[in-house]
Structures are given as C-alpha cells and as structure tokens.
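Observations on the three-dimensional arrangement
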Amino acid sequence: GSATVGLAVDSDVRVTYVGNAGFLIEIGEHKVLIDAMFDGFPGGYALPAGVRSALGGALPPFDGVDLILVTHNHADHFSAGLVREHMTANPAAILVAGPQVTRQLSDLGSRAVTLTATAGAPATTTQNSARVEAICLSHGVFPAGQEEVVNYGYVVTIGDVTLFHTGDIDAAVIGLDVFRGYGLAAMGIDFAFVPHFLLGGRSADPSFVAAIGATYVIAAHYEYTTLPLMRTAILKAYPTAVVFENDHELDSWTMPSP
C-alpha cells in the first residue's frame, strides 16, 4: 500500500466488476465507482437492466458511494443521465472528472469536481477521505477537426490502500517513457485496472505493467456478455491477474491480506 498517512483501513478491500472498464471498489467503509455508469453503443457494452437500475437508484451494492470517477467522455464509460440519476438518489456522492465530463453535470454544482491535468502535469484533489490524482494519458490520435477526447488515469489512495485505473490508453501513442515519467512504480499501487489487451495478445506489453508496479493487475475493458478471449494468455503472463467471469453478474474479488 501507499505510505500516505491517514485513515487506516483494517477491513476487506473488495472489487466488483460492473461492466466494461467499470468497477465498484470497497475499501473499509468507503465505496468508489469508476467508469461504471454508461450506456454503451448500439450492440455493444450495454449494462444488464438490473445492474443499470441499481446504479441509477443508488441501490445495493451501489448504496453509500462516496466517490464517482470518470476517465473520459465516451459512451462505454460515461452517461451523464445515469450519473445524475445516481447522484440525485445519493446526495453524499461526489464526482471527480475532467472538464469534458463535468461540464455536462454543471447543475450538480460543487458536487462535480473538475480536475484539469495535462501531459506531464497531474492534478490532485481530496474528496470524502480519498486522495485522487489525475494523470493525462492519451486515448490516441484523433482526426483533424475532431475534439480530442481527453483520458485520465487515476491514482486513488484511501487510508493505506492505493489503486490505479488507466482509463482507455493507446500504448502506441503514449510510449513507455511517458508512462514511466509519472513514477507510478514508486507509488506502492496495490491493484491496477489495465485494458485486457495490454495484458494478453498481440498488444500485450509487460514493460507497461512493470511501469505501474502494482501488486495485482485486474483485466478491464471487455464486454459483459463474453469472456475476454485472452483469458488464458493473461493468466499465463500474470498468474495472479484478476479476470472476472463476466457471465456471473457483479462478480467480486477480495484483495488478500498482506
């Protein structure tokens, strides 16, 4: 874990797969949702109806969420309507995201916290006992005349637990020097959410995972209805990797005690 002094976390750390790159993270009494409220695209990445209604109504297991993070403004990661619905049902929740996301939720006032990170210059905030550091990581090259969708990776520390979520990264554009430049490997990251195609298959790059330095890697960004085709390859490369059986709705993993 991180060396950050603060609230000690003695209870279990549990991660629940919601869909695509969306997860519910429970650390002690705290609950964080990352990229978990989205519509998907026609024919792809839709949430099961029961999961979606529980998210919108802030119903178990999505009750008592402290913090909502959104990595970027794409329909398989973020729905302004669903986030607004959840935050209306749960007045304690705070949203932290970049301006492309928060400008769609300006009606939430101070509950929508904007972080503005740029390449090489992270931005941080502390909300509801969570320290959040946003790191600007390129989603890829966008066509001329099209606004770049800005992607943030997040380093989140609650008590003595630190996690990292890459968001959507284009490894071909970022380059390892950019990744290493943030010094992630020195941050004591307990678990990191990494797109599954960077963990197994042709795009896999062990040096990216090494640059994160997490104790556990959790495969992210795959459809609800199909298991990642690379499951075997991922577990061969990373035997302790967490690859959720996404035909089991709201499957969870509990981090082993140190």
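Keep in mind that this is a model prediction, so the values were computed, not measured.

With respect to the overall build of the protein chain
Counting secondary structure elements, the protein chain contains seven helices and 13 strands. Taking contacts inside the protein chain between residues at least 6 apart in sequence as the whole, the part at least 24 apart equals 63%.

Re the packing of aromatic side chains
Here the structure, examined in full by the defined rule, presents nine aromatic pairs. Here Phe 191 and Trp 253 contribute two aromatic rings whose centre-to-centre distance is 6.0 Å and whose plane-to-plane angle is 75°, an arrangement assigned as edge-to-face. Of this pair, Phe 191 sits in strand β11 (residues 191-195) while Trp 253 sits in strand β13 (residues 252-254), placing them 62 residues apart in sequence. Taken individually, Phe 191 and Trp 253 each receive the classification buried, so the pair is uniform in this respect.

Observations regarding the pattern of salt bridges
Per the counting criterion, the structure on display carries five salt bridges. Among the salt bridges present, the one from Glu 26 reaches Arg 14, with a minimum N-O distance of 3.3 Å. Highlighted residues: Glu 26 in strand β2 (residues 22-27) and Arg 14 in strand β1 (residues 13-19), separated in sequence by 12 residues. Overall, Glu 26 belongs to the buried group, its relative accessible area being 15%. Overall, Arg 14 belongs to the partly exposed group, its relative accessible area being 35%. Where Asp 39 meets Arg 52, a salt bridge forms, and the shortest distance between an N and an O atom there is 2.7 Å. On the criterion of sequence distance, the pair formed by Asp 39 in the loop between β3 (30-34) and α1 (49-56) and Arg 52 in helix α1 is long-range, its members being 13 residues apart. Here Arg 52 falls in the partly exposed class, since its relative accessible area comes to 31%.

A short note on helix α2 (residues 80-89)
Taken residue by residue, α2 has Ala 80, Leu 82, Val 83, His 86 and Met 87 as its buried positions. Angularly, the buried residues of α2 cover 165° about the axis, an arc narrow enough to put them on a single face. Along its buried surface, α2 packs onto β3, α1, β4 (67-69) and β5 (94-97).

What counts as what
Residues numbered from 1 in each chain as written. Predicted model: local features only at pLDDT ≥ 70, side-chain atom pairs only at ≥ 80, totals over all residues. Heavy atoms only, no water. Helix = DSSP H or I, 4+ residues; strand = E, 2+ residues; numbered from the N terminus. Contact = heavy atoms within 4.5 Å. Phe/Tyr/Trp six-rings, centres within 6.5 Å; stacked < 30°, edge-to-face > 60°. Buried < 20%, exposed > 50% of the residue type's maximum accessible area, 1.4 Å probe, protein only. Salt bridge = Lys/Arg side-chain N within 4 Å of Asp/Glu carboxyl O. Arc of directions from axis to C-beta.

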